[in-house]
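# Reading the structure
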Amino acid sequence: MADDLRTRFNAALKESMLAKDAAKTSTMRMILAKLKDVDIAARPSGVDKVPEEQIVAMLRSMQKSRRESVDLYRQGGREELAAKEEAEIAVIEGFLPQQMDEAAIAAAVDAAIAETGATSVKDMGKVMGVLRKHGGALDMAKANPLVKAKLGG
């Protein structure tokens with residue numbers, strides 16, 4: 001399945017090059033370069049190509065750093081750079097799985113608490129482990145405070 005995302009990256013790069021979309025081409029090249037770096041970093045552990053979960057994590061990391069850059073550029077009055085970063089975010093988000101909304105996250109947290117029988121904050125690790133099965137669709141940063149609140153933390 002990791003090849004599925006890799007194939008989509010290469011197809012999007014070719015498509016953007018044919019359309020002469022310089023901004024998208026630049027972003028796709030950046031994504032592919034970062035993926036190559038991640039693959040190379042994983043080689044010592046015997047992995048030739050990282051799995052799709054790691055590719056999604058890489059994309060989320062790229063998205064997060066660009067969001068931070070947008071905030072900093074706006075604070076510095078650099079709207080043109082903020083707009084460039086937002087365009088990159090839009091391209092990156094096109095490859096990320098659809099995120100759960102707040103209600104779906106709350107339902108998943110309730111189900112995970114029920115499944116693990118968690119009763120206190122000490123059981124938080126078990127609940128978070130169960131929530132990982134949702135993969136990229138569930139934003140763990142949003143789920144964490146919700147789990148903590150429901151377990152009385």
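Structure's up top.
The present account deals with the structure reproduced in this document. (Residues numbered from 1 in each chain as written. Predicted model: local features only at pLDDT ≥ 70, side-chain atom pairs only at ≥ 80, totals over all residues. Heavy atoms only, no water.)

### Re the packing of helix α5 (residues 102-116) against helix α6 (residues 124-131)
- One way to put it is that α5 packs onto α6 with a least axis distance of 9 Å and a crossing angle of 120°. Classified by the angle between their axes, α5 and α6 sit oblique to one another. Regarding α5 and α6, the two cross each other, and that crossing is right-handed. Counted together, Ala 108, Val 109, Ala 112, Ile 113, Glu 115 and Thr 116 of α5 and Lys 126, Val 127, Val 130 and Leu 131 of α6 form the full contact between these two elements.
- Taken together, the residues that form the contact of α5 with α6 break down as 7 nonpolar, 1 polar and 2 charged. (Axes fitted to C-alpha atoms, helices over the stretch in contact; angles between N-to-C directions. Helix = DSSP H or I, 4+ residues; strand = E, 2+ residues; numbered from the N terminus. Parallel < 35°, antiparallel > 145°, perpendicular 65-115°, else oblique. Left-handed = near helix turned anticlockwise from the far one by under 90°. Contact = heavy atoms within 4.5 Å. Nonpolar A, V, L, I, M, F, W, Y, C, P; charged D, E, K, R; others polar.)

### Some details on unusual backbone geometry
- One non-glycine residue, Lys 20, adopts positive backbone phi at about 55°.
- Tracing the backbone through its elements, the reader meets Lys 20 in the loop between α1 (2-18) and α2 (22-42).

### Some words on the packing of aromatic side chains
- Within the structure shown, the criterion is met by 1 aromatic pair.
- Between Phe 9 and Phe 95, the ring centres sit 4.8 Å apart and the planes meet at 75°, which makes this aromatic pair edge-to-face. Pair noted here: Phe 9 is in helix α1 and Phe 95 is in the loop between α4 (79-93) and α5, with a separation of 86 residues, a long-range link. For the pair shown, Phe 9 and Phe 95 are each scored as buried. (Phe/Tyr/Trp six-rings, centres within 6.5 Å; stacked < 30°, edge-to-face > 60°. Buried < 20%, exposed > 50% of the residue type's maximum accessible area, 1.4 Å probe, protein only.)

### Comments concerning α2
- With 21 residues, α2 ought to run about 30 Å at 1.5 Å a step, and its terminal C-alpha atoms sit 30 Å apart, in line with that.
- Taken as a whole, α2 has its buried residues at Thr 25, Thr 27, Met 28, Ile 31, Leu 35, Asp 39 and Ala 42. Projected onto a plane normal to the axis of α2, the buried residues spread over an arc of 165° and lie on a single side. Structural note: α2 exposes Ala 22, Lys 36 and Ala 41 on the side pointing more than 90 degrees away from its buried face. (Expected span 1.5 Å × (residues − 1). Arc of directions from axis to C-beta.)

### Considering the pattern of salt bridges
- Tallying each qualifying case throughout the model produces 11 salt bridges.
- In this structure, Arg 67 and Glu 93 form a salt bridge, with 2.4 Å as the shortest nitrogen-oxygen distance. Here Glu 93 lies in helix α4 and Arg 67 lies in helix α3 (residues 52-75), a separation of 26 residues in the sequence.
- Since its relative accessible area comes to 42%, Arg 67 is described here as partly exposed.
- Among the ionic pairs, Arg 74 bridges to Glu 79, the shortest N-O distance being 2.9 Å.
- For Arg 74, a relative accessible area of 37% translates into the label partly exposed. (Salt bridge = Lys/Arg side-chain N within 4 Å of Asp/Glu carboxyl O.)

### Examining α6
- Listed as buried for α6 are Met 124, Val 127, Met 128, Val 130 and Leu 131. With its buried residues spanning 160° around the axis, α6 presents them on a single face. In α6, the exposed positions that point more than 90 degrees away from the buried face belong to Gly 125 and Lys 126.
- The inward-facing, buried residues of α6 abut α5 and α7 (140-150).

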